[in-house]
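This is what each chain is made of:
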Amino acid sequence: MELSRYWSKDGSLIRCKLCPRKCNIPKDKTGFCNVRKNIDDKLYSLNYGHPIAINLDPIEKKPFYHFHPGTTAFSYGTFGCNFRCKFCCNFDISQAKIQEKLPDVSPEEMVSSALQANAQGIAHTYNEPTMFLEYAYDIAKLAKPKKLYNVFVTNGYAMDAPLKDMKKYLDAVVVDFKGNNEKFYREFAMADVEEVKRGVLKYKKIGVHIEITNLVVPGQNDNLEELRDQIKWINKNLGSNTPYHLLRFFPTPQMPKPDATGIKILENIYDIAKEEGLNYVYIGNVNSRYNNTYCHNCKEPLIQRSHMFADKINLTKDKKCPNCKTKIPIVI
C-alpha cells in the first residue's frame, strides 16, 4: 500500500485525480477501480508493490511491431481497472481485489529481475497501468538509467498530471481501442470512446511512440463505416505511419457469445485502413502474412513474424528499406 500522488480533499470525500472518472470516494471506500481507497481522509494505492503476473515476453506480444522489434520485455501487472470489459482476456487480474498473501516486490527488485532476465525493457501491462501509476513510475525511473525501455499497454483513459510525471521515463504505448461505437463502449466496458481519443492525444502530447490496437467483436462493434471513421481519425490525429493492429475477439467466461471473429471481416477492415492511407496495418491473433511489415513505398518484406516473434529483420542500420532506401518509421 502506498499513499497516492493524485487526489484532493473535497469536504468529507476524497477526489481521485488519476483517471477521467475522477471518483469522489467516501471514507473506507474504494473508487470504481477497486484499488484507490480513502483511509483516514487520505487516498492510498492498494496495489503498489503487489504484482500478480510477471513474465518475459517478446515485445511483439504487446503488440509493438514498430518499437524495438525482436527484443524481450520484462512484463508485469497488478490488479484493478477503470473499465469493466466483459471480453477482457485478463479478467481474473484486472477485476481482482486486494488479497492477503500477495507478493511484496519493490521497484528495485523489479528492475533487478528485469536485468537478470536479460530483458531489453519493461512492459507495464496485463491490467491498466495507470491504475498502478505510482508503482510504474518508481520502476520506470529506476529502469531508465539502466538502459531499459518502458512501455504501457493501456485502455487510453488518462489525465494530464500523471502523464506529465511519466513523460521522462515512458517510451511507448499501445492504446487498445474497442471499436468506435459509443453504445458498445458503455454497455460492454462501462467507458467512453471519446474519452479514450482524448487520452490518445495526451499520450501524443508527451511525445511517446504510439501504436493502436482495435478489438473487433462480431455483430457488436464491427460496423465498417464506424471503423472507417476511426481509421480516418487515427490518420488525421496520429499520422499515416501509425501502426494499426486489428485483433480477433475470442469468447470469454464473462462473454461466451458471439463466436470468435472471422478472418474475412478483419481482412475487410484491413483493406479499408489501406484505402484510407494507413501505411502499416496488421491483423493480430492470426499467424499469417498480415503480421509482417512491408516497406510502404516498394512493398519489400522488412520484418517477418510468426507466433508473436520477429523471425527476420531486414532493415539497414539507419532504419531504411534495403531495396528502395525509404526511411522506415520504426524505433530500434
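Bear in mind that the values here come from a model prediction, so they are computed numbers and not experimental data.

Caption draft 1: Seen up close, the sheet that holds strand β5 (residues 36-39). Spatially, 3 strands are ordered β1-β6-β5 in an open sheet, and the strand pairing comes out antiparallel. The sheet terminates laterally at β1 (2-3) and β5, the two strands that pair on one side only. Bridge analysis of β5 against strand β6 (residues 42-45) gives 4 bridges, and the strand direction is antiparallel. Bridging from a neighbouring strand, Arg36 pairs with Ser45 of β6.

Caption draft 2: Layout of the packing of aromatic side chains. Applying the stated criterion to the full structure yields 13 aromatic pairs. Their ring planes at 90° and their centres at 4.8 Å tell us that Phe83 and Tyr157 sit as a pair that is edge-to-face. Of the two residues, Phe83 is situated in the loop between β8 (72-77) and α1 (91-94) and Tyr157 in the loop between β10 (149-154) and α4 (160-166); the sequence distance between them amounts to 74 residues. Each of the two residues, Phe83 as well as Tyr157, counts as buried. Between Tyr137 and Tyr169 the ring centres are 5.5 Å apart and the planes differ by 80°, which places this aromatic pair in the edge-to-face class. Of this pair, Tyr137 sits in helix α3 (residues 133-143) while Tyr169 is found in the loop between α4 and β11 (172-177), placing the two residues 32 residues apart along the sequence.

Caption draft 3: A look at the sheet that holds strand β15 (residues 293-294). The strand order across the open sheet built from 3 strands is β15-β16-β17, with neighbouring strands paired in antiparallel fashion. Pairing within the sheet leaves two strands with one partner each, and these edge strands are β15 and β17 (309-313). Across 2 bridges, the pairing between β15 and strand β16 (residues 301-306) is antiparallel. Within β16, the residue paired with Thr293 across the bridge is Ile303.

Caption draft 4: Inspection of the pairing of β6 at higher detail. Burial along β6 is one-sided: the face carrying Leu43 and Ser45 is buried and the face carrying Lys42 and Tyr44 is not. The loop that links β5 with its antiparallel partner β6 comprises 2 residues; one of these, Asp40, has a positive phi angle of about 55°.

Caption draft 5: Region of interest: helix α2 (residues 107-116). All buried positions along α2 are accounted for by Pro107, Met110, Val111 and Ala114. In an axial view of α2, the angular spread of the buried residues amounts to 95°, which keeps them on one side of the axis. Along α2, exposed side chains directed more than 90 degrees from the buried face belong to Glu108 and Gln116. Where α2 is buried, its residues contact β7 (53-58), β8, β9 (121-124) and α3. Backbone geometry just downstream of α2 places Asn118 in the positive-phi region, at approximately 60°.

Caption draft 6: Layout of the pattern of salt bridges. Counting across every chain of the model gives 17 salt bridges. Salt-bridge contacts for Asp10 lead to Arg15; the nearest nitrogen and oxygen are separated by 3.9 Å. Judged by its relative accessible area of 38%, Asp10 falls in the partly exposed class. Ionic pairing is found between Lys320 and Asp318, a salt bridge with its closest N-O pair at 3.8 Å. A single network of salt bridges, built from pairs that share partners, joins Glu225, Arg228, Glu275 and Glu276.

Caption draft 7: Inspection of the side chain of Asn47 at higher detail. Mapped onto the elements of the fold, Asn47 is located in the loop between β6 and β7. Classification of Asn47 by relative accessible area gives buried; the value is 0%. Looking at Asn47, its side chain comes within polar contact range of the side chain of Thr78, at 3.3 Å. Dropping the residues within four chain positions of it, Asn47 is found in contact with Val35, Thr78, Phe79, Met131 and Phe132.

Caption draft 8: Seen up close, the pairing of strand β3 (residues 13-16). Only one face of β3 is covered, namely the one carrying Ile14 and Cys16; the face carrying Leu13 and Arg15 has none of its residues buried. Relative to β3, strand β2 (residues 7-10) is paired through 4 bridges, and the arrangement is antiparallel. Within the sheet, the bridge partner assigned to Asp10 lies in β3 and is Leu13. Hairpin connection from β2 to β3: 2 residues lie between these consecutive antiparallel strands, with Gly11 at a positive phi of about 65°. Looking at chain direction, β3 and strand β4 (residues 24-25) are connected through 2 bridges and run antiparallel.

Caption draft 9: Representation of the side chain of Thr252 within the structure. If you trace the backbone, Thr252 turns up in the loop between β13 (244-248) and α8 (263-275). Among the polar contacts listed, one links the side chain of Thr252 to the backbone oxygen of Lys86, at a separation of 3.0 Å.

Caption draft 10: View of unusual backbone geometry. A cis amide bond links Lys62 to the next residue, Pro63, at an omega of 5°. Within the secondary structure layout, Pro63 lies in the loop between β7 and β8. Going from Lys257 to Pro258, the amide bond is cis rather than trans, its omega being 5°. In this structure, Pro258 sits in the loop between β13 and α8. For Lys22, which is not glycine, the phi dihedral falls at a positive 50°. Looking at the secondary structure, you find Lys22 in the loop between β3 and β4. On the accessibility criterion, Lys22 (42% relative accessible area) is partly exposed.

Parameters at a glance
- Residues numbered from 1 in each chain as written.
- Predicted model: local features only at pLDDT ≥ 70, side-chain atom pairs only at ≥ 80, totals over all residues.
- Heavy atoms only, no water.
- Pairing = 2+ DSSP bridges.
- Helix = DSSP H or I, 4+ residues; strand = E, 2+ residues; numbered from the N terminus.
- Phe/Tyr/Trp six-rings, centres within 6.5 Å; stacked < 30°, edge-to-face > 60°.
- Buried < 20%, exposed > 50% of the residue type's maximum accessible area, 1.4 Å probe, protein only.
- Arc of directions from axis to C-beta.
- Contact = heavy atoms within 4.5 Å.
- Salt bridge = Lys/Arg side-chain N within 4 Å of Asp/Glu carboxyl O.
- Polar contact = N/O pair within 3.5 Å; in protein donor to acceptor, adjacent residues only side chain to side chain.

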